[in-house]
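Commentary on secondary and tertiary structure
Here's the letter readout for the chains.
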Amino acid sequence: MKEILFRLDNVWKTYKMMGKGVETNALRGVSVQVKKGEYVAIIGPSGSGKSTLMHVMGCLDSPNKGRVFVDGKETSTLSEDDLARIRRRKIGFVFQSYNLIQGLTAAENVALPMRLDGVGKKDALKKAEKYLLRVGLKERLTHKPNQMSGGEQQRVAIARSLINDPEAILGDEPTGNLDTKSGMSVISLLEELNKKEKKTVVIVTHDSRLAARADREIHIKDGNIDQDRTNHNHNK
Amino acid sequence: MLDLAVKDLKEHKVRTVLTTLGVIIAITAIVSLGSVSAGINEMVTESQSIVGSDVIFVMKSFDMSDMSGPPTSFELESIKEEEIESIRSMSGVKRAVPIISKMLGGGFFEIDGIDMNEIDIFGAADIQFKEGGWPDNDDEGIAIGYPISQALDVGVGDYIVLNKKDVEVMGIFEEESGMYDMVALMPYSYAEDVFDMEGEATQLMIEPDDVSIVEDLKNAIEEDHQDLDAMTMADALAMAREMTDTLSIMTFGIGGVASLVAAIGIIITMYTSVLERRRQIGILKAVGAVRWVILKQILEESIIISLLGSLIGLGLSFFFVDMLNNVLLGGTELALITPTLAFGAVAYGVIITVVFSLYPAWIAVKTDPIDAIRNG
C-alpha cells in the first residue's frame, strides 16, 4: 500500500464575487486522496472547480470548510508562511502561462525556489544549471523568458518546480498555451519524471486525450467529483 | 534577494531616477539650510569659550518697538563718559573697557574700537595674523578679518574709508578666524576721532573682581543706572540660543516640507511598482516566498533609493555650503555641515522613506498569488 500524499476531506471553497455578497461554491464538499508516485489528471469544463481543487491540494489556497492533509500533515490550519514553506519544499507548480519572472534569466528563475529556501546564489545557480540540462535547455541558461519559445519557457518552469526536489509536481493546464508538438514534449517530460523519478504528478486539463494518458482521471463538475477512474490501458 | 530589487530599479530607470531626485532635493534642502543654523550654533558655542564667562556687557537700554528698519541699521545710543567713570568706580569692578562698536557694509561686518591693551576681554588676544599685526594705541590704523579684506579688496598699507576718513589697514587676520572673520578692530582713541564719539562708548565690557559676583554686579549696575542694560555672558548666550533655535525650527520646517513632498513621491513610486509587479509577487509567493521576503524586497528597493538619494544630496550640500561660504559670504565658515547634521540627514532620509514604503509593502504582502498570477 502506497503512502498518501494529498488527502482532502469534505473540502468546501467559496468565493465572494466582487464583494457584492454573491457567493460561488468552487468546491462543494470534495473528498479525494492522491498517493505518492501517482499520475493524476483532473479534468472538467471551465469553471468546474478543477483549478481550485489543485490550488487547495497544493497549499496555494485554503479551504473554507473541510480538512486538507499533505504528506500526513494537516495544512488547512497552517499559517500563510507555513503554507509557503510547504509549497517551496514539497510541491512544484507549473502554470499554463509559465509564470517566469521576466527580468531574470532562465537559470535565475530556476534557482528562485532554492534561493527562497536560503541557499546562496552560486550554489543555487549551479543546481539550476543541472536541472536546465535535465529538461534539455543547456543552451538557454542566460536567456531571459522573452527570448525563449513557449515550450522552452514551460520547460524552464518545470526545472524550477523540480529544483527543491519536491514530492509532487502540480500542473495547471501546463500545455494550454503550447502548440501540439511543444505540448507533447512537456507532457512527456512530466511523464518521465513520474516514471523514472517517482514524482507524484497532478495535472489539470480540459483535454480528454491528455487526461487519458494519466494513471487516473478525476472528473470535476460543478465543484464535485463526478467520476474518479483508473486508466489501465492508456496509450502512451 | 537584493539582486531582484536592484534589477527592478534598473528596469524602471526613469521612475527610479525621478524618485531618487525627490530624495536628493529634500536632503540637500535640509542639510544646506541646517548647515547655517549648525554653523551659527557652533559660533555661539565658540564665542562662549573665547570671551570669558564672567564678562558683563553694558549698553543703553532700548525698546524693541523703537527699532525701525532692518536690525542692522539700528544704532544704539552711546554711553556717556560720566556713566563710564561711575561704573568703573563701583565696588567689585575689576576693569571696565569701553568699546565703540559700529556695523558697516549693511551690517555685514562690525568695527570695534577698543583699548589695544584690553583686547583679551574681547577674546581677541589669540588672533593670528595673515599679514601685518595689531595697530598700537596711538596708531591711526585698523586690523581686519580676512573675508573683509577680500570683500573690500585691500591689503596691509591700503586705506579704507570710515565715516569719510581714511583709515590705514595695518593687519589682516588669518583666514578662518571664526567669529573674528567679520570683525575689524581699531584703537579706542582713534575710534573716538573717527566716529566723533569723544569719551563715549556704545558698550562697556566689565570684568568683575570674582566670577561669583557676576550676577550681583549686573544687578547693581542696572539699579544704579536705570537707562543701562547689563547682560552677562549667560544672558547673551541664552539670547543667541533662542535665535538659533528659531532659525533651526525655520530651516527644518522648510526641510520637513521638502521631505514630505519627496516621501509622497516615494509612496507613489513604490505603490505603482507594487501594482506593476503583482504578477511577479504572485509568482514569488506561489513558488514559496514567505511574507517577509516580499516585504523585504519592497523595503530593499526603498532603502536603495533613499540611501542613494540621501548620499547624493549630502554630497551636493557640501558643494552648496562651500559656495555659500566662499561666494556669498566671502570666505567665512558661517554655514557648517556637522557630523551630526550629515548622519542625521541621511538617517532621516532612509527612515522616512522606509516608513512611507510600509503601506505599498503591505499591499504587496497581501497580494493573493492565484489572483495575481491569473490576472497579472
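The following refers to the structure shown. It should be emphasised that the depicted structure is a prediction, and the values quoted were computed from it without experimental measurement.

Across its full length, chain A holds seven helices and ten strands. Taken along its principal axes, the extent of the C-alpha atoms in chain A is 45 × 40 × 40 Å. Excluding contacts between residues fewer than 6 apart, the proportion of contacts in chain A whose partners are at least 24 apart in sequence is 69%. Put simply, chain A shows about 10700 Å² of open surface, and 46% of that area lies on carbon and sulfur atoms. Taken together, the 40 basic and 30 acidic charged side chains of chain A have centroids lying 2 Å from each other.

All names here are of chain A. Strands sit in the order E2-E1-E4-E5 across an open sheet of four strands; the sheet is antiparallel. Strands at the two margins of the open sheet, each flanked by one partner only, are strand E2 (22–35) and strand E5 (73–74). As paired strands, strand E1 (residues 4–17) and strand E4 (residues 65–70) are joined by five bridges and run antiparallel to one another. Residue arginine 7 lies in a different strand from E4, and its bridge partner there is phenylalanine 69.

Between chain A and chain B, the contact holds 25 residues from the first and 22 residues from the second. At the boundary of chain A with chain B, total buried surface from both sides reaches about 2100 Å², with 59% on carbon and sulfur atoms. Together, Asn99, Ile101 and Leu116 of chain A form the three largest contributors to the area buried by chain A at its contact with chain B, with a combined 25%. There are three salt bridges connecting chain A and chain B. The partner of lysine 285 of chain B in a salt bridge is glutamate 80 of chain A, with the nearest N and O atoms 3.1 Å apart. Here chain A is connected to chain B by eight residue pairs in polar contact (both at pLDDT 80 or more).

Right, let's talk about the pattern of salt bridges for a bit. As enumerated under the stated definition, the model contains 38 salt bridges over all chains in all. In this structure, glutamate 192 of chain A and lysine 196 of chain A form a salt bridge, with 3.9 Å as the shortest nitrogen-oxygen distance. Linking glutamate 192 of chain A with lysine 196 of chain A, this pair stays in helix H6 (residues 180–197), spanning four residues, or about one helical turn. Given a relative accessible area of 30%, glutamate 192 of chain A falls into the partly exposed group. One salt bridge in this structure joins lysine 60 of chain B and glutamate 83 of chain B, with 3.4 Å as the shortest N-O distance.

All names here are of chain A. Spatially, the six strands line up as an open sheet ordered E6-E7-E8-E3-E9-E10, and their pairing is mixed. Two strands bound the open sheet, and with one partner strand each, they are strand E6 (91–95) and strand E10 (224–230). Averaged over all adjacent pairs, the angle separating strand axes in this sheet is 15 degrees, with direction ignored. As paired elements, strand E7 (residues 168–172) and strand E8 (residues 200–205) share five bridges and run parallel to each other. Bridge pairing links leucine 170 to valine 202 in E8. Contacts from helix H5 (residues 150–162) reach E6 and E7 within the one sheet, and its direction differs from that of E6 by about 165 degrees.

Here we come to the packing of aromatic side chains. To describe a pair of aromatic rings, one takes the distance between the centres and the angle between the planes. For the structure on display, the rule yields six aromatic pairs over all chains. When the ring of phenylalanine 319 of chain B is compared with that of phenylalanine 320 of chain B, the centres are 5.8 Å apart and the planes differ by 55 degrees; the resulting orientation is tilted. Judged by its relative accessible area of 38%, phenylalanine 320 of chain B is partly exposed. Among the aromatic side chains, those forming a connected cluster through ring pairs are Phe129, Trp134 and Phe173 of chain B. Its guanidinium or amino end placed over the ring of phenylalanine 69 of chain A, arginine 7 of chain A lies 4.4 Å from that ring's centre, counting from NZ or CZ.

Residue and element names in this part refer to chain B. Regarding helix H3 (residues 81–88), the residues found buried are Glu83, Ile84 and Ile87. What you see down the axis of H3 is that its buried residues fit within an arc of 100 degrees, all on one side. On its buried side, H3 packs onto strand E1 (56–60), strand E2 (93–104), strand E9 (203–208), helix H6 (214–224) and strand E10 (228–232).

Moving on: the side chain of histidine 55 of chain A. Among the secondary structure elements, histidine 55 of chain A is positioned in helix H1 (residues 50–57). You can call histidine 55 of chain A buried: its relative accessible area is 3%. In contact with histidine 55 of chain A, not counting residues within four places along its chain, are Leu60, Asp61 and Asp172 of chain A together with Ile370 and Arg374 of chain B.

Conventions used here
- Residues numbered from 1 in each chain as written.
- Chains lettered and ligands numbered in written order.
- Predicted model: local features only at pLDDT ≥ 70, side-chain atom pairs only at ≥ 80, totals over all residues.
- Heavy atoms only, no water.
- Helix = DSSP H or I, 4+ residues; strand = E, 2+ residues; numbered from the N terminus.
- Contact = heavy atoms within 4.5 Å.
- Areas by Shrake-Rupley, 256 points an atom, 1.4 Å probe, with all protein chains shown as cover.
- Lys, Arg positive; Asp, Glu negative; His and termini not counted.
- Charge placed at Lys NZ, Arg CZ, Asp CG, Glu CD.
- Pairing = 2+ DSSP bridges.
- Buried area = accessible area lost by both parts, 1.4 Å probe.
- Salt bridge = Lys/Arg side-chain N within 4 Å of Asp/Glu carboxyl O.
- Polar contact = N/O pair within 3.5 Å; in protein donor to acceptor, adjacent residues only side chain to side chain.
- Buried < 20%, exposed > 50% of the residue type's maximum accessible area, 1.4 Å probe, protein only.
- Axes fitted to C-alpha atoms, helices over the stretch in contact; angles between N-to-C directions.
- Phe/Tyr/Trp six-rings, centres within 6.5 Å; stacked < 30°, edge-to-face > 60°.
- Lys NZ or Arg CZ within 6 Å of the ring centre and 35° of its normal.
- Arc of directions from axis to C-beta.

Structural measurements only, silent on function.
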